[in-house]
Amino acid sequence: MDAHGRVAGRPNKHHHRSSSSSAFFSKAAENLEAAVAGTMWRWWPVLRGCATTRRALLTVGVAAALLAAAVIVLNAGEGGPNGMPDSLFFPADAQGVEDIPPWNLTAAHLLDGLLTPEFSHRSCRSRYEFAHYYKKSPHKPSPYLIAKLRKQEALQRRCGPGTAAHEKALRRLESSGGDDDLDGNDGDDCRYLVYISYRGLSNRMLAIASAFLYAVLTDRVLLVDGGKDVADLFCEPFPGATWLLPPPSSAGGWWWSSWWSPSSSSSPLNRLQSFDQDSKESLGNMLQSGATVSDETGNVTWSSEEKNTPPAYVYLHLAGGYGYHDKLFFCGAHQRLLLRDVPWLLMRTDNYIVPGLFLIPTFRAELEAMFPDKDAVFYLLGRYLFHPSNAVWHAVTAYHRAHLAGAADRVVGVQIRVFHKKQPRQLVLDQALSCLRNEKLIIPAETETINIAGNATSSPSSSSKKKKNKVVVLVTSLSSWYSERMREELGSEVRQPSHEGRQRWRDAAHDRRALSEMLLLGTCDALVTSGFSTFGYVAQGLAGLRPWVMHRSPMWAHDWREDGLGPDEPPCRRVASVEPCFHSPSAYDCDAGRDVELDGAAPYVRRCVDVSWGIKLVNQSSSSSQ
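All values derive from a computational prediction rather than experimental measurement.

**Q** Pulling in residues and values, what's your account of the pattern of salt bridges?
**A** Overall, the coordinates contain 16 salt bridges when judged by the stated rule. Measuring nitrogen to oxygen at the nearest pair gives 3.2 Å for the salt bridge that ties lysine 140 to aspartate 112. Placement of the pair is lysine 140 in the loop between helix H3 (126–133) and helix H4 (143–159) and aspartate 112 in the loop between helix H2 (61–77) and H3, with a sequence separation of 28 residues. Judged by its relative accessible area of 31%, aspartate 112 is partly exposed. A salt bridge links arginine 485 to glutamate 484, with the nearest nitrogen and oxygen atoms 3.9 Å apart. On the basis of relative accessible area, arginine 485 is assigned to the partly exposed category, the value being 21%. Glutamate 484 sits in the partly exposed class, given a relative accessible area of 35%. Residues participating in the shared-partner salt-bridge network are Arg204, Asp229 and Asp511.

Structure (structure tokens):
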């Protein structure tokens, strides 16, 4: 973390360069990055829309040519001509360059006010370069959302780790809120939401975005239990503050803390991974155990010795498969009367719960004011929160320059995820190819005949010519089999950055590649994704692209043909919005006291194309399928 409180990318401890080409590539890259760092914070490229995304961010003479050549040589020796070798993941840092915020940032760099200009460029290159590689979106942050973000940033600085308010809140938590010896009012109004790391990277990104929005709605400091690699994957999103929960040694003190203060050893922050649906501190179990009481009007309050005094913390179990009482989190009365004043909330979820937040009456007006375009929630939150670290961003931009920039007039991303090992690969391949062909995503489109004067004509002449657009397919999959077969079938250029073989949770190298591929998919002109896949949700959300989704049976189905694709069903369908699907919503209407149909429960809530029982946000004029 630098002097401004920002975390830059960290080097890969297991990084090896085993060939002379690797050494050459590394040295050329370091020289180039040093040259760029010395100039780029003073000069920024003009962002010019789609055409610009096909070009590199900077051209630095011979050094850039050497770097491109080195990338090609290195890729040929490690992972094939289209691969993403480990050597691409190293921090692009330069010494001797003043680390200050750029002085000439434009609205495009700041995403129309979504981002703050307080960060330096060198600490997190992706923050202000990101927009250059992505399509220009019509979605802009509302003034109200911008104001809420700036307010949240101030809250994170005032109450976050390293502040007196946070230290006081920790001591209160360790003493279960009963320490009357804490003097002063500092931190008395600081409340916290701790996200508990859970599942794979894309699930975590969707969950963190959800937790952040809930923190904004409830005026809480967001602290992320990031596991082993969040600091290596992402830059800090808040200026002058951290979103990372201090590790247990810091949260509970040093080794002597349990002797000096026995309560610190039992702090809930030291045992986050032990919480589950059976924990007595969960909202669902507290509602059943007598920790709450209802008055004659039906309002629920805490049944503590001191009337209506909330507990020091409450665990929110919102993971897939959660039960009826845990789902009462989505009741407005429970938000107002129970959870609002609890100092610490601990949340575990692997879901994108944002559509459920829109259905809570307590939050609806606030959310509608923040997001006039309901189909842009994750697009805006994701671009605000998830800035890849320098190491990851270097790999993304290097691969983009070497294999995608200028390689075609159109790049089509295909994300293939198979949840059942027994599902025949040929059927999955045929489905993907049929989708590409039926939707005319890979058929080179002939441009209009253009004469010398630049006017469109209906027939060629001696002074005119026809041009065919070149298409490149970017495949992301755990297996290389699909891209190899596609290359044979399509006769066109097919690229695949990596093929890991299987998903590995909490593996730093695996997560770096997964994040890089989600970002690369986002630079494409069109997307085809796999149903149920949160990997595809993140890619489409960050890109702001409505994908065509291929049907998949749920991962828990006993047979891959269960709930399979019918004979009359198309191989893929285009979704109504770029928003991710909330897989496990609550159908219980707390005010009505019964389950209701969620499709249309609000004008902007619809069922998902890929998960029939899930819901997602759409613009009010959108239909559930297109």
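This is not the end of the story, as more comes after the structure.
**Q** Kindly report on the sheet that holds strand S1 (residues 192–196), identifying the contributing residues and their values.
**A** Strand order in the open sheet formed by four strands is S2-S1-S6-S5, and the pairing between neighbours is parallel. Each edge of the sheet is formed by a strand with only one pairing partner; in this case those strands are strand S2 (221–225) and strand S5 (313–317). For this sheet, the mean inter-axis angle between neighbouring strands, taken without regard to orientation, is 20 degrees. In this structure, S1 lies alongside S2, joined through five bridges in parallel fashion.

**Q** Outline empty space enclosed by the protein, supporting the account with residue identities and numerical values.
**A** For the structure on display, the rule yields five cavities of 30 Å³ or more. Around the largest cavity, the lining residues are Thr529, Ser530, Tyr537, Gln540, Val549, Val575, Glu579, Cys581, Cys608, Val609, Asp610 and Lys616. The residue makeup of the lining of the largest cavity, split by class, is six nonpolar, three polar and three charged.

**Q** If you had to explain the packing of H4 against helix H14 (residues 361–370) to someone new, which residues and values would you point to?
**A** Packing of H4 against H14 brings their axes to within 7 Å, and their N-to-C directions diverge by 110 degrees. Relative to H14, the element H4 lies roughly perpendicular. Within the contact between the two elements, H4 uses Tyr144, Leu145 and Lys148 and H14 uses Glu366, Ala369 and Met370.

**Q** Describe the state of the cysteines, listing the residues and the values that go with them.
**A** As enumerated under the stated definition, the model contains five disulfides in all. Between the sulfur atoms of cysteine 331 and its disulfide partner cysteine 590 the distance amounts to 1.8 Å. When the S-S torsion is -75 degrees, as for the bridge of cysteine 331 with cysteine 590, the disulfide is left-handed. Of this pair, cysteine 331 sits in the loop between helix H11 (324–327) and helix H12 (332–339) while cysteine 590 sits in the loop between strand S16 (588–589) and strand S17 (594–595), and the two are 259 residues apart along the sequence. The disulfide partner of cysteine 581 is cysteine 608, and the gap between their sulfur atoms is 2.1 Å. Taking the sign of the S-S torsion, 95 degrees for the link of cysteine 581 and cysteine 608, the bridge is right-handed. Here cysteine 581 is found in the loop between strand S15 (572–574) and S16, whereas its partner cysteine 608 is found in the loop between strand S18 (605–607) and strand S19 (615–617), with 27 residues between them in sequence. The exposure class assigned to cysteine 608 is buried, which follows from its relative accessible area of 7%. What connects to what in the protein chain, once the bonded cysteines are numbered by sequence position, is 1-4, 2-3, 5-9, 6-7, 8-10.

What counts, and at which threshold
- Residues numbered from 1 in each chain as written.
- Predicted model: local features only at pLDDT ≥ 70, side-chain atom pairs only at ≥ 80, totals over all residues.
- Heavy atoms only, no water.
- Salt bridge = Lys/Arg side-chain N within 4 Å of Asp/Glu carboxyl O.
- Helix = DSSP H or I, 4+ residues; strand = E, 2+ residues; numbered from the N terminus.
- Buried < 20%, exposed > 50% of the residue type's maximum accessible area, 1.4 Å probe, protein only.
- Pairing = 2+ DSSP bridges.
- Axes fitted to C-alpha atoms, helices over the stretch in contact; angles between N-to-C directions.
- 1 Å grid on protein atoms, 1.4 Å probe; cavity = no way out; pocket = protein on both sides within 12 Å on 5 of 7 lines; lining within 4 Å.
- Points joined across faces, edges and corners; volume = space filled by probe spheres on them.
- Nonpolar A, V, L, I, M, F, W, Y, C, P; charged D, E, K, R; others polar.
- Parallel < 35°, antiparallel > 145°, perpendicular 65-115°, else oblique.
- Contact = heavy atoms within 4.5 Å.
- Disulfide = S-S within 2.5 Å.

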